[in-house]
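# Analysis of the macromolecular model
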Amino acid sequence: MKSGGHMAAALSRPGIVMRSAIGLLLLCVSASGAGAAEMPPGASSCTGCHAASPTVDTPAPRLVGLSAASIEDAMSAWRSGSRPATVMDRIAKGFSDAEIKAIAAWYEAQGAK
Amino acid sequence: MSASLSRRSLLAGASASLIAAPAVAQGTAHIVVIGGGFGGSSVARSLKQLAPNIRVTMVEPNRVFTACPFSNEVIAGLRDLPAQQFTYDGVARSGVEIDFTHASAIDAAAKRVTLADGTVLTYDRLVLSPGIDIRWGALRGYDEAASARMPHAWKAGEQTMLLRRQLEAMEDGGLVVMSAPDNPFRCPPGPYERASLIAWYLKTKKPKSKLILLDAKDNFSKQRLFQQAWSQLFPNLEWIGLSKGGKVSSVDANTLSVTTDFETYKAQVVNIIPPQRAGLIAEAAGVSDRSGWCPIDPVTFESRLQPNIHVIGDAAVAGAMPKSAFAANAQAKVCAAAIVALLHNRTPQEPRLINTCYSIVMPDYGISVAGVYKPGKGLLMDIEGAGGTSPLQAPDSTRKMEADLALGWYNTITREVFG
Ligand SMILES: Cc1cc2nc3c(=O)[nH]c(=O)nc-3n(C[C@H](O)[C@H](O)[C@H](O)COP(=O)(O)OP(=O)(O)OC[C@H]3O[C@@H](n4cnc5c(N)ncnc54)[C@H](O)[C@@H]3O)c2cc1C
């Protein structure tokens, strides 16, 4: 996580950040904190089309329940054009490998809950 | 989730008095949301989901929300109004307190909102998602009284049904005139989807009738896709752009006439999509500028003009992001996460946002435009290489798929926002 204007360094325990500027040890919600991960950039937009609830009538698949690998594979294939798509090819091109990885991991973690 | 974590953080040895006290950790943070549409209901629910201990009050005058997406299908008789309507039971179940009245005044310095019923709410942060208001009178002759004869139907509900009834009552052979405004306005592809569906309705139900769409611009969203479909399907539809004299200069509701610099059209049914601005409460809050819209920070959606007030949805100046329900919902979720971060004295992360807008040309014929956005140059910018429209050349099965995805999107987003 980023810590506003201060030098932030992750310590050994996840979720611990040192704010050297004020010389205080603070625990806060950290992107790396187990189970408390902040949604990675872009992930919150997905549920506009990919329903969280399994009872919604739509051809777009739910992401929760998919493995990170399958999301990553599909996004990479759409981005490179090797897999045909109606809309996702245009959207996948907006994300880097690292961003896709983070989003895929986040949705996999939701399914594991 | 964040509540217990931040409380734990205080127990872990850091002295609360030395920290710039995060309001949320003390369980006192109060966020007020004005407007219970796509943006407002999304941000209210999202806040409760991210930080259940935050108190969230949403202010909305209507007990039933009527959604605009798919309201063009209602006008064309393909769908009925109840399919557009949602109560706020789902939002209330998420723990959001709802005041069913409208906000009438905002004191940004005192962080206070006054409601029409006299209630005064104080907030730590305020989110405005009031949608649009019509600039009455900006088009000569088009005031609120005129809209009872020449509906805009740009806020869904009675106006939508009025336009539908007028089309149904029109004799075969009649002339329908529509007008589309200059940018920016709510739902950039909306006028063209509507024109398509009205042309389809006329073609199937009143084949001797004609539709003229007068436009204050030469370029519009998904233009090549729409124009291709029109030339193949709708010889009864004529689009007249700005440079061909399409800009409407005045209207006369009594005679149902629409005047441009070149001509006066006398029609049987007139649909004016008028110039717009951010919902009026934005001006009362001091967050709209001379353009009538609200400049915002692209990371937090905080107003550039007033601290602690965030603006999302149609009212905001969101750079490359269009004024759509998809965008309002995406912005709401980013804004909620940013507010939670700010309440915890964390730096909000730099967001990525997506938009996808489908348009229905006729049954089983959908097209779309998509975009991916990131903050840049103080606005939200298109990520280059991403986004764009459906292919110009595509089999019927692709058009059908996009029509199905459009309805799927509507079902998904309305469930997330109101379900
Ligand atoms: C014909 C048409 C078709 C469309 N189709 C699509 C589509 O297919 N896809 C898409 O993504 N978008 C579509 N849109 C656009 C979409 O409807 C809007 O972009 C979306 O509603 C914006 O959300 P919002 O929260 O900004 O405003 P709204 O959803 O309009 O919500 C604003 C709310 O604020 C309330 N309010 C206003 N002032 C106050 C006040 N002072 N106090 C309290 N409450 C107040 C209002 O009552 C309203 O409920 C369409 C629009 C139209 C007109």
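Here goes a summary of the coordinates provided. (Residues numbered from 1 in each chain as written. Chains lettered and ligands numbered in written order. Predicted model: local features only at pLDDT ≥ 70, side-chain atom pairs only at ≥ 80, totals over all residues. Heavy atoms only, no water.)

Further remarks concern helix α5 (residues 158–169) of chain B. If you check α5(B), its first and last C-alpha atoms are 16 Å apart, about what 12 residues at 1.5 Å a residue would give, namely 16 Å. All of the buried residues along α5(B) are B:Q159, B:T160, B:M161, B:L162, B:L163, B:R164, B:Q166 and B:L167. (Helix = DSSP H or I, 4+ residues; strand = E, 2+ residues; numbered from the N terminus. Expected span 1.5 Å × (residues − 1). Buried < 20%, exposed > 50% of the residue type's maximum accessible area, 1.4 Å probe, protein only.)

Counted according to the given criterion, the structure contains 16 aromatic pairs over all chains. Between A:W106 and A:Y107 the ring centres are 5.1 Å apart and the planes differ by 85°, which places this aromatic pair in the edge-to-face class. Under the relative-accessibility criterion, A:W106 is labelled buried at 16%. Given a relative accessible area of 2%, A:Y107 falls into the buried group. Taking 5.3 Å as the distance between ring centres and 15° as the angle between the ring planes, the aromatic pair formed by B:F86 and B:F418 counts as stacked. Of this pair, B:F86 sits in strand β4 (residues 85–87) while B:F418 is found in helix α10 (residues 396–418), placing the two residues 332 residues apart along the sequence. (Phe/Tyr/Trp six-rings, centres within 6.5 Å; stacked < 30°, edge-to-face > 60°.)

Residues and elements named next belong to chain B. What surrounds the ligand is a group of 34 residues, the closest being G39, E60, S129, R186 and D314. For the ligand, an oxygen atom lies 2.8 Å from a polar atom in the backbone of G39. In the model, an oxygen atom of the ligand is placed 2.5 Å from a nitrogen or oxygen of the E60 side chain. Contact with the protein chains hides 92% of the accessible area of the ligand, taken as 1000 Å² for the molecule alone. Taken together, the elements giving at least two residues each to the shell around the ligand come down to α2 (38–50), α3 (71–75) and α9 (325–343). Residue contributions to the shell around the ligand peak at 3 residues, all from α9. Across the shell around the ligand, the residue classes tally to 17 nonpolar, 12 polar and 5 charged. (Near = heavy atom within 4 Å. Polar contact = N/O pair within 3.5 Å; in protein donor to acceptor, adjacent residues only side chain to side chain. Areas by Shrake-Rupley, 256 points an atom, 1.4 Å probe, with all protein chains shown as cover. Nonpolar A, V, L, I, M, F, W, Y, C, P; charged D, E, K, R; others polar.)

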